[in-house]
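Read off the chains here:
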Number of protein chains: 2
Amino acid sequence: MSTIKDVAKEAGVSVATVSRFLNKSGYVSENSAKNVLDAIKKLDYQPNSVARALFHKTSKMIGLIVPDITNPFFPELARAVEDVSMIYGYKVLLGNSDGDPEKEQNYLDLFDQKYVDGIIMTSRSSKTDLTLNTDTPIVVLDRANISGLPTVTSNNYEGARQAVELLIEKGAMHIAHIRGPREITSANDRYQGFIDEMLKNNMDYVIAESAFNLKSAEEAAHHFFDKHKQIDAIFCSNDTIAVGFLKVALKKGIQIPADLQIIGFDGVAFGEMVYPELTTVAQPIYDMGAMASRLLIKLIEKEEPEQLLYELKNSIIERGTTRK
Amino acid sequence: MSTIKDVAKEAGVSVATVSRFLNKSGYVSENSAKNVLDAIKKLDYQPNSVARALFHKTSKMIGLIVPDITNPFFPELARAVEDVSMIYGYKVLLGNSDGDPEKEQNYLDLFDQKYVDGIIMTSRSSKTDLTLNTDTPIVVLDRANISGLPTVTSNNYEGARQAVELLIEKGAMHIAHIRGPREITSANDRYQGFIDEMLKNNMDYVIAESAFNLKSAEEAAHHFFDKHKQIDAIFCSNDTIAVGFLKVALKKGIQIPADLQIIGFDGVAFGEMVYPELTTVAQPIYDMGAMASRLLIKLIEKEEPEQLLYELKNSIIERGTTRK
DNA sequence: CTCACATGTGTAACCGATTACATGTCAATA
DNA sequence: TATTGACATGTAATCGGTTACACATGTGAG
């Protein structure tokens, strides 16, 4: 690897001139410019971004913290973040936190040491759990409960409401909701949206609970179907739960969607892999990631963003687990 | 953010002493050590890793290039890489290449500029497509065709063979293989394993082809089922294709596994989400990622690794798309 | 009583960039 | 002719660490 000194020597100028050439700052004569350019090509020189980072206290990197990249919601988010960051010249440092505030703090510290320019995190921690370095802008994604920080979410409440509307419109009489964990804001919002819309329609409902993973969902489903024979529609707090219920229902020989309609939440890719395909309230996952990146980059570049809270709209995708 | 100078001043010693203390190198008196430690705590000092990186030409980061983190195979790999890297104190810089050699090259260059200590890449490019910086160790994952580089794969040929064995054992008489793209080594190996085992058993076979995505698989499946009525078992080149065929078969009212058995390859999470659950040749995805990290870290730390090619074993997971 | 060596510490060079500042040339202007 | 400002370039300080080296001091061996 050649350095700016090598280039300077090769071009017969000082390092300052090379630097000015590279950054198009200050004056460089045409002649020098040519020599420097030739030298750069000859030596295959690439400026060292660590040295730059040290001087500028800036790394052109953004840190991304997700609970678990293995959870199908996050790869798409991560992809979006990377895609738009890339456009603006930022690279992505990835961290999995498992939702553990300690791991989150580790990454936060680490990111600061590396002079990342900004951080995007999906977290259920509250502001008080974390020591935030106030010079580094942070955008919070999906779970909107680190109060005061710029946030990108979707309207979970409204999405849940619409899910219920759809089920009713499709003739459902006895609707159940499988809610997600109580620590997760979005699960609570979806729950509330469900409740409110049911009450508005004067309908009775059944609530069950499951974690956001397949195993937990299947267990819940087994219990559920043993107990509640009359239910003809289920709104699940996310697609994983929905798929778990779908599987168990199929196994029990329940006709989907004739006897039982199911609607999930998230709009994650595997909703299309199951049969019947899963009807769901789709979050604009990619857009949320892209939005978060753009917001963060505005913050980094000290532009005034229009808003600090972006709540994107969900849209219902009707597929095979609800009636035509 | 406080610097080593602040700490030195606070502790009443020179920066060299602080540095020696931090790195446990050279001599530091007990008294100085105590003062330094107090100062560090008081100032909440964290050494700046950019400055360190500049001096050491080392960043404690490893670069990970995957084609597309959105492809369900890679999150688990990425997770494994991050988990073991973390243990050894390395962080992960992520890049999606979309299999494009130009993007791969971009990340490679970028990683060098950032002084990453090593690189893990999943790539179908050949060594000649890429300009590799020879000081930075690289481990290639999954697709073993950048010849000469240390590699971690699974035995695709053998896995395919076993898949055929299983189908025959389960009474399949007319077996088809849906092969993956010809540019992908692992798809070719699986194809070859299929062919060889079929010939060995003196059986006729049908070959069809599909890209590794759901849409392409479903299209292929529609064509396939229209044309080949007598087929009673299908070995698919990966789980995505298998799920696509499963869906279309179910839609056509084909009984699975009674009339048609299906086996996939990869062992990706959504194989358990469909019903019937997908029988598959499971790659030890997490282990492969972990192995690649450990191998890379050995290379980084100039330890002599035992081997340069690790070929892990696949294992068949019998689930619902093959007979009991 | 020296000498050798372990212990302890500070000064300054260095990693590879950026940039403030000084210096110098040259043409246009007063 | 003296002054000014645009153009051009180099020197050296700086970012925040690490470490070679020089220079103490103290202790035990010969």
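Scroll up a little and you will see the structure.
Student: Can you tell me about the protein's contact with DNA strand D, naming the residues and giving the values?
Tutor: Taken together, 29 residues lie around DNA strand D, and S32 and K57 of chain A together with I4, S19 and R52 of chain B are the ones closest in. Here, DNA strand D places atoms within 4 Å of the protein, and 68% of those atoms are sugar or phosphate. In this structure, S29 of chain A approaches DNA strand D through a main-chain N or O atom, which is 2.8 Å from a phosphate oxygen. Measuring from a phosphate oxygen of DNA strand D, one finds a side-chain N or O atom of H56 of chain B at 3.2 Å. Of all the secondary-structure elements, those providing two or more residues to the surface near DNA strand D are α2 (15–23) and α4 (49–56) of chain A together with α1 (4–11), α2 (15–23) and α4 (49–56) of chain B. Looking at which element gives the most residues to the surface near DNA strand D, the answer is α4 of chain B, with 5 residues. Grouping the amino acids of the surface near DNA strand D by side-chain chemistry returns 14 nonpolar, 11 polar and 4 charged.

Student: Tell me about the relation of the copies chain A and chain B, residues and numbers included.
Tutor: Mapping chain A onto chain B calls for a rotation angle of 180 degrees and an axial translation of 0.0 Å; the resulting RMSD is 0.1 Å. Look at the turn and shift together and you get a two-fold axis relating the two. Of the residues that chain A buries at the interface, 100% are likewise interface residues in chain B, meaning the two copies contact each other through the same surface.

Student: An account of the pattern of salt bridges is needed here, citing residue identities and associated values.
Tutor: Tallied over the entire structure, the rule returns 34 salt bridges over all chains. Ionic pairing is found between E306 of chain A and K298 of chain A, a salt bridge with its closest N-O pair at 2.9 Å. A relative accessible area of 59% places E306 of chain A in the exposed class. Residue K252 of chain B pairs with D226 of chain B through a salt bridge whose shortest N-O separation is 3.5 Å. Here the residue K252 of chain B occupies a position in the loop between α10 (239–251) and β9 (261–266), and D226 of chain B occupies one in helix α9 (residues 214–227), the gap between them amounting to 26 residues.

Student: Now, about the interface of chain A and chain B: what can you tell me, with residues and values included?
Tutor: For interface size, the figure often reported is the accessible area lost on association. Chain A puts 48 residues into the contact, and the matching count from chain B is 48 residues. Counting the surface lost from both chain A and chain B, the interface buries some 4500 Å², and carbon and sulfur atoms represent 61% of this. Sorting the residues of chain A by area buried against chain B places R79, M273 and Y275 of chain A first, and these three jointly supply 16% of that buried surface. With its nearest N and O atoms 2.9 Å apart, the salt bridge here joins D68 of chain B to R79 of chain A. Applying the counting rule to chain A against chain B returns 20 residue pairs in polar contact (both at pLDDT 80 or more). Those elements that provide at least two residues to the side of chain A that touches chain B are α4, α5 (73–87), β2 (91–96), α6 (101–113), α9 (214–227) and α10 (239–251) of chain A. Here the side of chain A that touches chain B gets 6 residues from one element, more than from any other, and that element is β2 of chain A. Counted by class, the side of chain A that touches chain B contains 24 nonpolar, 10 polar and 14 charged residues. Looking at chain direction, β2 of chain A and strand β2 (residues 91–96) of chain B are connected through 3 bridges and run antiparallel. Directly across from V92 of chain A, in β2 of chain B, lies its bridge partner L94 of chain B.

Student: Pulling in residues and values, what's your account of the sheet that holds strand β6 (residues 175–179) of chain A?
Tutor: Residues and elements named next belong to chain A. Strands sit in the order β7-β6-β8-β9-β10-β12 across an open sheet of 6 strands; the sheet is mixed. At either end of the open sheet lies a strand with only one pairing partner, and these are β7 (205–209) and β12 (315–317). With strand direction ignored, the average angle separating the axes of adjacent strands in the sheet is 20 degrees. Both β6 and β7 contribute to a ladder of 5 bridges, which runs parallel. For R179, the partnering residue across the bridge sits in β7 and is E209.

Student: Can you explain empty space enclosed by the protein? Please cite residues and give values.
Tutor: Per the counting criterion, the structure on display carries 5 cavities of 30 Å³ or more. The calculated volume of the largest cavity comes to roughly 150 Å³. Along the wall of the largest cavity there are 16 residues; nearest its centre are N71, F73, F212, N238 and D266 of chain A. Elements with a contribution of two residues or more to the lining of the largest cavity: α5, α8 (185–200) and α10 of chain A. Of the residues that constitute the lining of the largest cavity, the class distribution is 6 nonpolar, 5 polar and 5 charged. Two domains each put at least three residues into the lining of the largest cavity: domain 2 (59–154 + 286–314) and domain 3 (156–282) of chain A. Approximately 110 Å³ is the volume found for the second largest cavity. What lines the second largest cavity is S49, V50, A53, S59, M61 and K114 of chain A together with S49, V50, A53, S59, M61 and K114 of chain B. Put simply, the parts of the chain that give the lining of the second largest cavity at least two residues each are α4 of chain A together with α4 of chain B. Grouping the constituent residues of the lining of the second largest cavity by class yields 6 nonpolar, 4 polar and 2 charged.

Student: So, the layout of surface pockets: which residues are in play, and what are the values?
Tutor: Of the voids in this model, the second largest pocket is the one considered here, and its volume is about 1300 Å³. Lining of the second largest pocket is provided by 39 residues; of these, K57, D112 and Y115 of chain A together with M1 and N48 of chain B occupy positions nearest its centre. Going through the elements one at a time, α11 (285–300) of chain A together with α1, α2 and α4 of chain B are the ones with two or more residues in the lining of the second largest pocket. Its residues assigned to classes, the lining of the second largest pocket comprises 19 nonpolar, 11 polar and 9 charged.

Student: Now, about the protein's contact with DNA strand C: what can you tell me, with residues and values included?
Tutor: Taken together, 28 residues lie around DNA strand C, and I4, S19 and N48 of chain A together with Y27 and K57 of chain B are the ones closest in. Among the atoms of DNA strand C lying within 4 Å of the protein, the sugar-phosphate backbone contributes 67%. In the model, a phosphate oxygen of DNA strand C is placed 3.2 Å from a nitrogen or oxygen of the N23 of chain A side chain. Within the backbone of S14 of chain B, an N or O atom sits 2.8 Å from a phosphate oxygen of DNA strand C. For the surface near DNA strand C, the secondary structure elements donating two or more residues are α1 (4–11), α2 and α4 of chain A together with α2 and α4 of chain B. The leading source of residues in the surface near DNA strand C is α4 of chain A, at 5 residues.

Student: Explain the nonpolar core to me, using residue names and the numbers behind them.
Tutor: Counting 116 residues, the largest nonpolar core has F224, I234 and F245 of chain A together with F224 and F245 of chain B as its most contacted members. Other than its neighbours up to four places away in sequence, F224 of chain A contacts A176, I178, V206, A208, I231, I234 and F245 of chain A. Counting residues in hydrophobic clusters, the runner-up holds 28 residues, among them L110 and M121 of chain A together with L130 and I138 of chain B.

What counts, and at which threshold
Residue indices follow the written sequence of each chain, beginning from 1 at its first position. Ligands are numbered from 1 and chains lettered from A, in the order in which they are written. In keeping with the model being predicted, local features are shown solely for residues with a pLDDT of at least 70 and side-chain atom pairs are shown and tallied solely at 80 or more, while totals for entire chains, interfaces and linings include all residues. Values reported for side chains reflect all heavy atoms of the structure, with hydrogen atoms and water molecules removed beforehand. The near set for a molecule or strand comprises every residue that places at least one heavy atom within 4 Å of it. Any N or O atom pair separated by 3.5 Å or less is treated as a polar contact, with the protein-specific requirement of one donor-capable and one acceptor-capable atom, and with residues adjacent in sequence counted only for side-chain atom pairs. For the purposes of this entry, the term helix denotes a DSSP run of H or I that reaches at least four residues, the term strand denotes a run of E that reaches at least two, and both are numbered from the N terminus. Here the nonpolar group is Ala, Val, Leu, Ile, Met, Phe, Trp, Tyr, Cys and Pro; Asp, Glu, Lys and Arg are the charged ones; every other residue, Gly included, is treated as polar. In this comparison the copies share one frame, found by least squares on the C-alpha atoms of residues holding pLDDT of at least 70 in both. Contact between two residues is taken to exist if any of their heavy atoms lie within 4.5 Å; hydrogens are not considered. Put simply, a salt bridge is a Lys or Arg side-chain nitrogen that is within 4 Å of an Asp or Glu carboxyl oxygen. Think of it in three bands: residues with accessible area under 20% of the maximum for their type are buried, residues over 50% are exposed, and the middle band is partly exposed, with areas taken using a 1.4 Å probe on protein chains only. The term buried area refers to how much accessible surface (probe radius 1.4 Å) is lost by two components on association, counted for both of them together. DSSP bridges decide pairing: two strands pair if at least two such bridges lie between them. For every element, the axis is a line fit to its C-alpha atoms; helices are fit only across the contacting stretch, and the angle between N-to-C directions ranges from 0 to 180 degrees. Cavity: a set of points on a 1 Å grid over the protein atoms alone where a 1.4 Å probe fits but cannot get out. Pocket: an open set with protein on both sides within 12 Å along at least five of seven lines, its lining residues, like those of a cavity, having an atom within 4 Å of a point. Grid points are joined across faces, edges and corners, and a volume is the space filled by probe spheres set on the points. Each domain's extent is set by a domain assignment, obtained either automatically or from a database. Nine residue types can take part in a nonpolar core, namely buried Ala, Val, Leu, Ile, Met, Phe, Trp, Tyr and Cys, and a core is a set of them joined through side-chain atoms within 4.5 Å.

Purely geometric numbers; function is a separate question.
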